[in-house]
Amino acid sequence: MGDNTNVPPLFAEERKEKILKLLEQNTKIMVPELCELFGVSPVTVRTDLRELESEGKLRRTHGGAIPIGKTSFEPNAISKQVENIDEKRKIAACAAQFVDDGDTIVLDAGTTTMEMAKFLTKKKSLTVVTNNLKIASFLEIEGNPDMTIVLIGGVIRRGFHCCAGHMAVSSLANMNVDKAFLATNAFSLEKGFTTPEINTSEMKRAFIQISTQNFMLMDSSKIGTVSFMRFADLSDMDKIITDDKINPKMVQEIKSFDDTVDLLIV
């Protein structure tokens, strides 16, 4: 990729800028090539790649990195808090209307389900099962005193305020809930509901299996995109709640694909 013999050392931000420019021209870049180009150690290059991935600017692979492409990257919880917040609040308010006093529900980890929790504080005799630390903490402080909160434990996903993994999934084995309110990173008719992380996908499948009714809370920006791991099909949902920015053509395609699913647009 070039000879670095007479090239002065670059600052970290300069290296990262050059890495991104290389990814605009190549489908993949490798750590050894970047070490040679910049005259730095593999540890330095991997640190650069890790920081760029955390910023959502590339995807690390074994031995290198690839551009962010059609398979969507997973922004962390802080990034997602500010994305489409008005739409998420409308979706959350609509979803909360389907929760009755005395229900036992699942609240999946996600920013829209966090918004939904804010509409549940006055519900009576509610039992909420969640793997999201922020949702559990909020409801413990703000929820009705007779609310029961079941926090699913396991390995904490740093940056996402939730637990996942085998321990978390296995703890659901003997549970039954009335309604599950789920989140997704992406949805397409061909690939179904998808998410970037394997343990997260297993958690979502488990939530679906223990619930009598399944609700998908999904702002329209997720529709027509694909992520890494499929965790559900359209037919697994009883209701899908999305915002009015959804493409009208997609509305018709969803209804034609499976007319048993109730699509609610807010």
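Residues numbered from 1 in each chain as written. Predicted model: local features only at pLDDT ≥ 70, side-chain atom pairs only at ≥ 80, totals over all residues. Heavy atoms only, no water.

1. Digging into the overall build of the protein
Move 1: Counting its regular elements, the protein contains 10 helices and 15 strands.
Move 2: Taking the principal axes of its C-alpha atoms as reference, the protein extends roughly 70 × 40 × 30 Å.
Move 3: Counting all 266 residues of the protein, 47% fall into the buried class.
Move 4: Expressed as a percentage of contacts within the protein between residues at least 6 apart in sequence, the contacts between residues at least 24 apart total 61%. (Helix = DSSP H or I, 4+ residues; strand = E, 2+ residues; numbered from the N terminus. Buried < 20%, exposed > 50% of the residue type's maximum accessible area, 1.4 Å probe, protein only. Contact = heavy atoms within 4.5 Å.)

2. Side note on a nonpolar patch on the surface
Move 1: On the surface, L133, L151 and I156 cluster together into a nonpolar patch covering about 250 Å² of accessible area.
Move 2: Counting through the fold element by element, L151 comes out in strand 6 (residues 148-151).
Move 3: On the basis of relative accessibility, which here comes to 45%, the residue L151 falls in the partly exposed class. (Patch = residues over 30% accessible without salt bridge, like charges linked within 9 Å, V, L, I, M, F, W, Y side chains within 5 Å. Areas by Shrake-Rupley, 256 points an atom, 1.4 Å probe, with all protein chains shown as cover. Salt bridge = Lys/Arg side-chain N within 4 Å of Asp/Glu carboxyl O.)

3. A short note on the pattern of salt bridges
When the charged atoms of two side chains with opposite charge come close together, those side chains can pair.
Move 1: Taken as a whole and assessed by the stated rule, the structure comprises 15 salt bridges.
Move 2: Put simply, K245 and E87 hold a salt bridge, and the shortest N to O gap is 2.6 Å. Taken together, the residues K245 in the loop between strand 14 (239-242) and helix 10 (248-257) and E87 in helix 5 (residues 85-96) connect sequence positions 158 residues apart.
Move 3: A relative accessible area of 12% means that E87 is categorised as buried.
Move 4: D103 is the partner of K179 in a salt bridge, and the nearest nitrogen-oxygen pair spans 2.6 Å.

4. Some details on the nonpolar core
For soluble globular proteins, the rule of thumb is that nonpolar side chains tend to be buried together.
Move 1: In terms of nonpolar packing, the biggest core is built from 30 residues, with F193 and I240 touching the most fellow members.
Move 2: Elements with a minimum of two residues in this core: strand 9 (177-183), helix 9 (198-210), strand 13 (229-232) and helix 10.
Move 3: If one sorts the elements of this core by residue count, helix 9 sits on top with 5 residues.
Move 4: I135, F181, I241 and L264 belong to the second-largest nonpolar core, a separate cluster that totals 22 residues. (Core = buried A, V, L, I, M, F, W, Y, C linked by side-chain atoms within 4.5 Å.)

5. Quick word on helix 10
Note that an α-helix has 3.6 residues per turn; residues three or four places apart therefore point the same way.
Move 1: Taken residue by residue, helix 10 has M250, V251 and I254 as its buried positions. Seen end-on, helix 10 carries its buried residues on one side only, within an arc spanning 105°. Seen from the buried face of helix 10, the exposed residues on the opposite side, beyond 90 degrees, are P248, K249 and S256.
Move 2: One side-chain oxygen of the residue at the start of helix 10 lies 2.8 Å from the amide nitrogen of K249, identifying that residue as N247. (Arc of directions from axis to C-beta. Polar contact = N/O pair within 3.5 Å; in protein donor to acceptor, adjacent residues only side chain to side chain.)

6. Things to note about the pairing of strand 4 (residues 104-107)
Move 1: Where strand 4 lies against strand 5 (residues 127-130), 4 bridges are found, and the strand directions are parallel. Residue T104 lies in a different strand from strand 5, and its bridge partner there is T127.
Move 2: When strand 4 meets strand 9, the two strands line up parallel, connected through 3 bridges. Considered in strand 9, the bridge of I105 is made with K179. (Pairing = 2+ DSSP bridges.)

7. Describing the sheet that holds strand 3 (residues 64-66)
Move 1: Spatial strand order, 1-3-2: 3 strands in an open sheet with antiparallel pairing. Two strands lie at the open edges of the sheet, namely strand 1 (29-30) and strand 2 (59-61), each paired on one side alone.
Move 2: Strand direction decides the pairing type here: strand 2 and strand 3, joined by 3 bridges, are antiparallel. Note on strand 3: the bridge partner recorded for R60 is A65.
Move 3: Where helix 3 (residues 42-54) meets the sheet, its contacts fall on strand 2 and strand 3, and the angle it forms with strand 2 comes to roughly 140°. (Axes fitted to C-alpha atoms, helices over the stretch in contact; angles between N-to-C directions.)

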